[in-house]
Amino acid sequence: MKGFLAKATRQHTKNHNSRLVLRVIYEDEAISRADIARKTGLTRTTVSTVVGELIEQGLVEETGAGQSSGGRLPVLLRIVHEAHGVLALSFEDTQIVGALVDMRGGIQRRVSLSLYGYRPAELPGYLSRLIDELRADATTRILGIGLSMPGIVDPVRGIVRCAVNFGLVDAPLRQVLQERYHLPVYLDNAAHLAALAEYMFGGGAASGNLVVISVGVGVGAGIVLNGTLFNGDGFGAGEIGHVVVADNGLRCNCGNIGCLETVASVPAILRAARKYFSDPASRLRTLASSAAAVDLDVVRQALEAGDPGVAAIVEEAGRYLGVAVANVVGLLNVERIVVTGAIAVLGPPLLEAVRASLARHVLEPLAAMTRVELIPERSDAVLLGITAMVLDQELGLLHSGVRLS
């Protein structure tokens, strides 16, 4: 037993060192063995051994000599990102989008498949068609398959617990795809993956902690703590869209009254704007032919034109979002919180309302240290989040919390 434990400990240490060295090379782009040893605290002998193994695996290569600070010129290393990729599949409203993505988030190939006439029993066939098309003639080594799924997802067991709009209940997608392709398979929902995308390919978070709130048709949040995605005990962490914030408000699709989605989502803003359309002073009347024609871009134009009624609608949505942000700050004390999604086109007026509401609903020192940002919706955010998920699981590129310096 002692021999087994010693062997297991050595293997664990070896794996830890390999992931640590790989992550440092990934973050620095071009770095010498000596600098890796300095940043990681590992001995130069250990670093050289690990680097040799990573080169043999095709994950790392030498790129030439760097600048010398005296003595021999150091040999620089880099990740061979273009030779390794992830097959990313994302469910959207009317289609499944697939992409072959390299280790730096570069989209190498993109395909899509319409869900017109979709039947739940045919889902494995849909996914296989996309995967086969992405793999055709590809020379890239595939590290794994990742899926963004709607509804409640159990990423530990690889099961879609419930996706009402797609007729999925306890669907074992990981097992189905692993048996067919003999590749690692991971899945999670879009809000969680948007947070991973921002953490790895966006602005990141120096503390290793980040919350991304996505606002579109619905409202959801992804939470990264100590460099790791936090899913919650029941995999529902970040379901803030269905937290009640407006007493005596409207009934939500979930059955509750006054959920955040009823007052701060894009449909909520459009509902209020279309009601305001009847006001003779509304700028909306010059921008749209009817109340039904008012969309988010029309709201944006009216806001930029200085329409006070539209400004009040946006401010109210921002106020409720600010309450949600305050709850996140009070519970987690995360320094960087990002608001994104379709709602981001409303720009500074929305952001100012969120920040003002945050300041009113949480302790002043906590509000002062919190950086709330509004960033445009990234068209490939979910695909990049899927890629980050697979790179994290397979290579450990997100773990360890605070980034090394």
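Please refer to the structure placed before this passage.
Residues numbered from 1 in each chain as written. Predicted model: local features only at pLDDT ≥ 70, side-chain atom pairs only at ≥ 80, totals over all residues. Heavy atoms only, no water.

S.K.: What should I look at first to understand the overall build of the chain in this one?
M.R.: Counting secondary structure elements, the chain contains 14 helices and 16 strands. Here the C-alpha radius of gyration of the chain, 24 Å, is about what a compact globule of 405 residues would show, namely 22 Å. Split into buried and exposed, the 405 residues of the chain put 50% on the buried side. A sequence separation of at least 24 residues applies to 60% of the contacts in the chain between residues at least 6 apart. Surface accessibility of the chain: about 19,300 Å² in total, with carbon and sulfur atoms responsible for 52%. Distance between charge centroids for the chain: 5 Å, based on 37 positive and 40 negative side chains. (Helix = DSSP H or I, 4+ residues; strand = E, 2+ residues; numbered from the N terminus. Rg over C-alpha atoms; globule rule 2.2 N^0.38 Å. Buried < 20%, exposed > 50% of the residue type's maximum accessible area, 1.4 Å probe, protein only. Contact = heavy atoms within 4.5 Å. Areas by Shrake-Rupley, 256 points an atom, 1.4 Å probe, with all protein chains shown as cover. Lys, Arg positive; Asp, Glu negative; His and termini not counted. Charge placed at Lys NZ, Arg CZ, Asp CG, Glu CD.)

S.K.: Is there a simple way to explain helix α6 (residues 190–201) in this structure?
M.R.: In an α-helix there are 3.6 residues to a turn, and that puts residues three or four apart on one side. Here α6 spans 16 Å end to end across 12 residues, near enough to the 16 Å set by a 1.5 Å rise per residue. Burial runs high along α6: 10 of the 12 residues are buried. Along α6, the residues that are buried comprise Ala 191, His 192, Leu 193, Ala 194, Ala 195, Leu 196, Ala 197, Glu 198, Tyr 199 and Met 200. Regarding α6, its N-cap is Asn 189, as a side-chain oxygen of that residue lies 3.3 Å from the backbone nitrogen of Ala 191 further along. (Expected span 1.5 Å × (residues − 1). Polar contact = N/O pair within 3.5 Å; in protein donor to acceptor, adjacent residues only side chain to side chain.)

S.K.: Looking at this structure, how should I read the sheet that holds strand β9 (residues 159–163)?
M.R.: Backbone-to-backbone hydrogen bonds pair the strands of a sheet. The strands run either parallel or antiparallel. Spatial strand order, β8-β9-β10: three strands in an open sheet with antiparallel pairing. Both edges of this open sheet fall to β8 (152–154) and β10 (168–171), since each of them pairs with a single strand only. Ignoring which end each strand starts from, the neighbouring axes of this sheet average 15° apart. Note that β8 and β9 share three bridges and pair antiparallel. Note that in β9 the partner of Asp 154 across the bridge is Ile 159. (Pairing = 2+ DSSP bridges. Axes fitted to C-alpha atoms, helices over the stretch in contact; angles between N-to-C directions.)

S.K.: Looking at this structure, how should I read the pairing of strand β12 (residues 210–215)?
M.R.: Most of β12 sits inside the fold, with six of its six residues counted as buried. Residue alternation in β12 divides its side chains into two sets, Leu 210, Val 212 and Ser 214 and Val 211, Ile 213 and Val 215, and both sets are buried. Bridging between β12 and strand β13 (residues 219–225) involves six bridges; their strand directions are antiparallel. Within β13, the position partnered with Val 215 by the bridge is Val 219. Count of turn residues in the β12/β13 antiparallel hairpin: three residues. Of the pairings in the sheet, the one linking β12 to strand β15 (residues 336–340) comprises four bridges and is parallel in character. The residue of β15 that forms the bridge with Ile 213 is Val 339.

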